[in-house]
Amino acid sequence: MESQVIIPDIDPIPVPAPLWLLKVLLLLTFTLHILAMNVAVGGGFIAAITEFLGKKRNSQNHLELSRSISKMLPPFTAFTITLGVAPLLFLQVLYGNFFYTSTILIAWPWLSIIVIFILAYYGYYLYSFRWEKLNGKRFAVVLISAILLAIIGLIYTQNIVLMLTPEKWKEIYFNNPHGTNLNISDPTVIPRYLHFMVAALAVAGLLVVMWGLKNIKSNEQLGKWGIRYGLLWFIIPTLVNIVVGLWFLISLPKNLLMLFMGENIYATIYFLIALVTMFASLIFMFIALNAVKPVMKIMFGKVFLLLTVVMMVLMRHELREAYLKPYIDWEKVQVEPQWGVITIFVLLLLGGLITVIWMLKKSFGKSSLVVHN
Amino acid sequence: MNYPFWDIPFIGGGILIGLVAIIHTFVSQFAIGGGLFLVLTEIKAYKENNSGIIDYLKIHSRFFILVTLVFGALTGVGIWFTIGLVTPTATSALIHIFVWGWAIEWIFFFIEIAAAMIYYHTWDKINRKTHLTIGWIYFIAAWMSLFVINGILSFMLTPGAWIENRSFWSAFFNPTMLPSLIMRTAVSLALAGLYALLTSSNLKNEDLRKLMVKYSAKWLIVPFFILPLGGLWYVSVIPEMAFDIISGGAPAVTLFAVASIFFSILIFGFAYFLPYRHPERFPVALSALFLLMGLTVTAVSEWVREAIRKPYIIYDYMYSNNVLKVNEENVKQTGVLASAKWTIIDTKTETDTLKIGEQVFKLQCQSCHTVEGYNGVKILVKGWQEPFIDAQLQHLNQLKGFMPPFMGSEMERKALAKWLYELNRSY
C-alpha cells in the first residue's frame, strides 16, 4: 500500500464532447490566454523599468511610452482573466482527477491567487487612472503589481507540474493535509516558470514595437525610438530564453527529455519547427533594428513568433500527455457528446466574436489594439 | 472519498465557500442590474437633456467597472477555485454535466467584460446611439451569464428529470430554474438601486443629488413586488424535505429565512420613507448602511439556499459528504475506510479503535462538521453516552433529516461512536 500511487477515479458522468474537440479548445484558448498574460505581466515590468529609465535620463520618450502602457495594462489584465477561465474549464473536464488532487495539496497558495490578483489588478488601475498624480510613486506601483502577477504565475506552474506527478501526492498529503504545501522543490518548476516569464517580456516588447509603429506618423522621432526600444525588449529576453529553455529541457526526467529527441515524432517535429521559427523571428527583428523601413521585417518577425508560441503550446501538451501516460487510459474515458449544446456554443462563439469586433471597430476605429484615453 | 480531503481546522470548507460566494453574489448581481441602470439612466439624461446626469454616470460607471471588472470577475473565479478545493467530486460532476453551459457562460462573460471597458472609455468619444448600444450589449451579456449560471446552480437543489434521463436540457431547465431566475433578476435590480444610492448621495451639486437619490430609490420599487412572487413560486417547487427545513425543521435555517425576509422589508420600507420621500435628507453614511443591509440579505438568503439542499450536495444524486447515492449500499457493505482512496489506515491490520473512529469522521463527517469549530461535533455530542451516540448514528437520516445516513460497517460505526464519546471525556 505504501508504494502505491493514488489516482482518483474519473467522473462517472460521461465527457459531453469528443476528446479531440476539448483538447483543441484547451490549446487554442490557452494560447490566447498566454499572449494576453505576456502583455499584462511583461508589460508591467517593461513599464516599471521604462519609468525608472525615464526618470534617470529625464527622457520624454520613456514617459510617453510608460503613459501608453499604463492604459493598456488593465484591459490586457482583463483579457488574461477571461481568456484564462476557458482553458481552466477544459482542463478540468479532461484532467479533472489530476487537477483537483494537486490543487487540494496546495490549496491555500492556490486560493491566495484571488487575493493577490485583486491587489495587482487594482494596482494597475491605480497606475492607469492616476498616472499623472502618482508621479514619483509610479515606478513602485506598477512594479509591485507586476511582481504580484508574476507570483501568481509561479503558483500556477507549481500546480500544473504537481498535477502531472501523482507519484508525489501521497507523501505530500499525508504529511500535511491542510493545503499549505508548495511544489517549488520540483527541479522542473523554476526553469519552466522562467521560460514563461522571460517570454512574457519578449512578447510585451513587441507591443512596444507596435506602439512605435503607430506613433511614427505623428512623431517620427518618438516612433523610431519606440520601435528600437521595443525590439531590444524582444531580442534580449529571447536570447536569454534560449538558455532558460535549454535549462528547462535538461531539468526534465530523462524519458521525457527524449520525447523531443526523436522518441515521439510529434514532439520532435514541434521542437524542430519551434527552433526554426524562433531563430527566424530573431533574425527578422535583428534586421529590423537597423532597417530604414522596418515594417515588413517586423511583420514577418511577428508571424514567426506567433508560430513559435503555437509550437511551444503543442510541445507543452505532448509533455503533459507523456507525464500522464501511465495514469490515463483515454480509451476508457466514456464520451457522450451533447451535439445540440455544442452547436449552440459554436454559434454563440461566432456571434460573440462578431459583437466584440463590432464594438472595438465602432469605438476605436483602426487602432483597435491600443486603448486611448 | 475519491479525492483527498482539504482539512481546514475550525472553520471548515463550508464556511469558506459561503464567504466567497456571498461576496461574489453581492457584487456580480449588482453587475447585472447596474448595467440596466447605466443604460436606462443614460436614456433618461438624453431625453431630459440633462448633462448633470451624464456627469454623474461617468463617475458611477468608473465605480461600476472598478467594482465589477476587478472584484466581481475575480471573486467569480474565486468561488470556482473554492468549490473545486472543498467539494471536488461535486464540482467535477457539475463540470461534466454542464461543460458546454459553462463554456457558453464564458462567451457572455467575455462580451460583458469587453463591453464594460468599452462603455466606460467611450463617453463623449462616440455618438450617443452607439454608446447606448454598447451599454445594452453589456447588460444583455451580463444577464445571459446569470441565466446560464442560475440554471446550473438551481440544478443542484432540483435536478428534476435529469436523475432519470441524464439530459442536459432537463438538468438546465429544472423545476427551480425559472423562479430562481426571477428572484435573482429582481435582486440584481434592487442592488443596482442600492449601489446607485451610494454614488448619488455622494454628489456635490444639491439639485442633482436630490434628483438622483430619488431616482435611485425608485429602482427598489419593482423588485419589491417581484421578489415575494418569485419567492412563493420557488418555495412551492422545492423538494418536500427542503420545505420542512425552512419551515421549522432546522431552527437556524428558519431563523435565517425569516431574517432574509425581515431585512428585505426593512430595506424597501426605509427606501420609501427616506431617499424616496426625502432625498434631500439622505446622507452617504445611510446609503452605506443600506448597502450593508443588502449584503446581509444576500448572505442569509444564500446561506438558506445552501442549507435547504441537505442532506445532498446535488439532490438525489450526491450526498453532502460527496458519496453518490448509488454507491450508498456499496459503502455500507465494504466499509468507508475500505472504499476511501485517501486513507492510510488499513482496516485489516489497524487495531486502535480511536484511530479508526477519527479516520471515519474525517472521511464521512468532515465535509460539514469540524471537531471544535463551526458545527463542531464536540459540542454537539456533549453529555451523550457512547451507546446513545451509536444509536443516533444508526438513524441519522431519520433523526436529523438534513443529514445523510451513516455509511460504513458496524465496526466503523462503533469506532466513530467511541471516538466521538472520547472527545469530551479527554478533558
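Residues numbered from 1 in each chain as written. Chains lettered and ligands numbered in written order. Predicted model: local features only at pLDDT ≥ 70, side-chain atom pairs only at ≥ 80, totals over all residues. Heavy atoms only, no water.

Draft legend 1. Geometry of the side chain of A:Ser281. Residues and elements named next belong to chain A. Summarising the element assignment, serine 281 is placed in helix α10 (residues 265-289). Among the residues examined, serine 281 registers a relative accessible area of 1% and is labelled buried. For serine 281, the contacting residues outside a window of four places in its chain are Phe234, Gly301, Phe304 and Leu305. (Helix = DSSP H or I, 4+ residues; strand = E, 2+ residues; numbered from the N terminus. Buried < 20%, exposed > 50% of the residue type's maximum accessible area, 1.4 Å probe, protein only. Contact = heavy atoms within 4.5 Å.)

Draft legend 2. Local environment of the environment of B:Ile65. Summarising the element assignment, B:Ile65 is placed in helix α2 (residues 51-86). Considering only alpha carbons, one finds B:Ile65 and B:Ala31, 34 residues apart in sequence, at a separation of 8.7 Å. Non-local contacts of B:Ile65, meaning those with residues more than four positions away in its chain, are made with A:Tyr125, A:Phe129, B:Val70, B:Ala116 and B:Tyr120.

Draft legend 3. Layout of the interface of chain B and chain A. If you look at the interface, chain B gives 68 residues, while chain A gives 75 residues. Summed over both sides, the interface of chain B with chain A buries roughly 6,700 Å², with 81% coming from carbon and sulfur. Taken as a group, B:His96, B:Trp100 and B:Trp342 account for 13% of the area that chain B buries against chain A, more than any other trio of residues on that side. For the interface between chain B and chain A, the tally reads one salt bridge. Between B:Lys341 and A:Asp9 there is a salt bridge, and its shortest N-O distance comes to 3.3 Å. For the side of chain B that touches chain A, the secondary structure elements donating two or more residues are α2, α3 (88-121), α4 (128-157) and α6 (168-172) of chain B. Considering each element in turn, the side of chain B that touches chain A owes the most residues, 26 residues, to α3(B). Looking at the side of chain B that touches chain A residue by residue, the classes come out as 49 nonpolar, 14 polar and five charged. (Buried area = accessible area lost by both parts, 1.4 Å probe. Salt bridge = Lys/Arg side-chain N within 4 Å of Asp/Glu carboxyl O. Nonpolar A, V, L, I, M, F, W, Y, C, P; charged D, E, K, R; others polar.)

Draft legend 4. Here's a closer look at the packing of aromatic side chains. Applying the stated criterion across every chain yields a total of 61 aromatic pairs over all chains. Where B:Phe37 meets B:Tyr215, the ring centres are 5.7 Å apart and the plane angle is 50°; that geometry is what we call tilted. Taken together, the residues span a long stretch of sequence, with B:Phe37 in helix α1 (residues 12-48) and B:Tyr215 in helix α8 (residues 206-218) at a distance of 178 residues. Look at B:Phe37 and you get buried, because its relative accessible area is 0%. Measuring from ring centre to ring centre gives 5.6 Å for B:Phe147 and B:Phe172, while their planes differ by 55°; the resulting arrangement is tilted. One end of the pair, B:Phe147, is in helix α4; the other, B:Phe172, is in helix α6, and 25 residues separate them in sequence. Through successive ring pairs, a cluster of aromatic residues spans B:Phe98, B:Trp143, B:Phe147, B:Phe155, B:Trp162, B:Phe168, B:Trp169, B:Phe172, B:Phe173 and B:Tyr317. Taking NZ or CZ as reference, B:Arg62 lies 4.0 Å from the ring centre of A:Phe129, over its face. (Phe/Tyr/Trp six-rings, centres within 6.5 Å; stacked < 30°, edge-to-face > 60°. Lys NZ or Arg CZ within 6 Å of the ring centre and 35° of its normal.)

Geometric descriptors of this kind do not, in isolation, establish any biological role.
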